[in-house]
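# Examining the three-dimensional arrangement
For reference, the chains in residue letters:
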Amino acid sequence: MAASGSSRTPATLTELAPGLTAAFVREALHRAIHGVGPLPPAAAAADKQLKEQKGDVERAVHEVIENHIRYAGAQGFLTNLGGLATMTYMVPANITGLALVQCRMVAGIAHLRGYDLADPRVRNAVLVSMLGESSVAELVRSQKLPAPPMALATAPAHDPGLDRLISAAVAADLVAKVAGKRVAGSAARRIPLVGGLVGAGADGYVTWQVGRYADRELLPLRRR
């Protein structure tokens, strides 16, 4: 029985989240930008940080990243507490939580740097940022993506054909990250508390990576 639990692969884990499609990613982005539940809209949260940092944009960006690393760690802990027995329920919840947190973080950074979150070019840039620097570089090199995030955000015109391509790439990336993390830590997940700590660390780390990339990539459009 032990072997069957630890031998899950990313491919089989993907089957646990059949609804994680391009449409799911767009919905996560919409909720991140407009707010959901107790979480206010990304721009409002970013503006609050800007006020707390007395108008210092770069310090506000830093705080937005730090806050969302904590959010990612918290949801990673909670969605990995149940061990292997709750995987069917927790994999989709983990991916959904990670998508929402990272969308909200990058959208907040974009807003602080002067980008219009209502612009579809900017929304595509937010999603592409979530793929991370190495994945984006590979997609651009293989001509599957025309440009990195800032170039997409400031392109002369919006290309609607990119919307689904980008959303599908982000959905696949999120599933791969969560699936890979669960395979790597399958032994630890036999002990619920340890599994929660593994989930918190992994999700916090990947969110830090995304935040750092968005910070470097989405350069200021105007001074505040």
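For the structure, check the block above.
The present account deals with the structure reproduced in this document. This structure is a prediction, so every number in the text was calculated from the model and none was measured. (Residues numbered from 1 in each chain as written. Predicted model: local features only at pLDDT ≥ 70, side-chain atom pairs only at ≥ 80, totals over all residues. Heavy atoms only, no water.)

## Digging into helix H4 (residues 42-52)
Note the threshold: Exposure classes here rest on a 1.4 Å probe applied to the protein chains alone. A residue is buried below 20% of its type maximum, exposed above 50%, and partly exposed in between. Each helix corresponds to a stretch of at least 4 residues labelled H or I by DSSP, and each strand to a stretch of at least 2 residues labelled E; elements are numbered beginning at the N terminus. Here the arc refers to the set of directions running from the helix axis out to each C-beta atom.
Turning to H4, its buried residues are Ala42, Ala43, Ala45, Ala46, Gln49 and Leu50. Seen end-on, H4 carries its buried residues on one side only, within an arc spanning 165°. Among the exposed residues of H4, those pointing more than 90 degrees away from its buried face are Lys48 and Lys51. Lys54 sits one or two positions beyond H4 and adopts a positive phi of about 55°.

## Some remarks on the environment of Pro41
Condition: Throughout, a contact is declared for two residues whenever any of their heavy atoms are within 4.5 Å.
With respect to the helices, strands and loops of the structure, Pro41 is situated in the loop between helix H3 (22-34) and H4. Its relative accessible area of 30% is what places Pro41 among the partly exposed residues. Along the sequence, Pro41 and Arg104 sit 63 residues apart, while their C-alpha atoms lie 7.9 Å from each other. When sequence neighbours within four positions are dropped, the list of residues in contact with Pro41 reads Ala32, Ile33, His34, Gly35 and Arg104.

## Regarding the environment of Arg123
Mapped onto the elements, Arg123 comes out in helix H7 (residues 120-129). C-alpha of Arg123 to C-alpha of Arg26: the two residues are 97 residues apart in sequence and 9.1 Å apart in space. If we skip the residues at most four places from it in the chain, Arg123 touches Arg26, Leu29, Ile33, His34, Leu117 and Ala118.

## A few points about the packing of H3 against H7
Under the convention used in this document: For helices, the fitted line uses only the C-alpha atoms of the stretch in contact; every axis is such a line through C-alpha atoms, and the angle between N-to-C directions lies from 0 to 180 degrees. If an angle is under 35 degrees, it is roughly parallel; if it is over 145, roughly antiparallel; if it lies from 65 to 115, roughly perpendicular; otherwise it is oblique. As a working rule, the residues Ala, Val, Leu, Ile, Met, Phe, Trp, Tyr, Cys and Pro are called nonpolar, Asp, Glu, Lys and Arg charged, and the rest polar, with Gly in that last group.
Two numbers describe how H3 lies on H7: the axes approach to 11 Å, and their chain directions differ by 110°. The angle between the axes of H3 and H7 places the two elements in the roughly perpendicular class. Of the residues in H7, those touching H3 at Val25, Arg26, Leu29, Ile33 and His34 are Arg123, Asn124, Val126 and Leu127. When its residues are assigned to classes, the contact of H3 with H7 shows 5 nonpolar, 2 polar and 2 charged.

## Some thoughts on the nonpolar core
We apply this condition: In plain words, nonpolar cores are sets of buried Ala, Val, Leu, Ile, Met, Phe, Trp, Tyr and Cys residues tied together by side-chain atoms within 4.5 Å.
Val106, Leu112, Leu127, Met130, Ile166 and Val170 are the most contacted members of the largest nonpolar core, which totals 55 residues. Of all the secondary structure elements, the ones that give two or more residues to this core are H3, H4, helix H5 (57-78), helix H6 (87-112), H7, helix H9 (149-153), helix H10 (161-184) and helix H11 (192-217). Setting aside anything within four residues of it in sequence, one finds Ile166 in contact with Arg26, Asn124, Leu127, Val128, Leu145 and Leu152.

## Comments concerning the packing of aromatic side chains
Note the threshold: Ring pairs shown here join Phe, Tyr and Trp side chains whose ring centres sit within 6.5 Å, with only the six-membered ring taken for Trp; geometry is labelled stacked below 30 degrees between planes, edge-to-face above 60, and tilted in between.
This structure, assessed with the given rule, holds 1 aromatic pair. Judged by centre distance (5.8 Å) and plane angle (25°), the ring pair of Tyr205 and Trp208 falls under stacked. Of the two residues, Tyr205 and Trp208 both sit in helix H11, 3 residues apart, roughly one turn of that helix. Residue class for Tyr205 comes out partly exposed when judged on its relative accessible area of 46%. Overall, Trp208 belongs to the partly exposed group, its relative accessible area being 34%.

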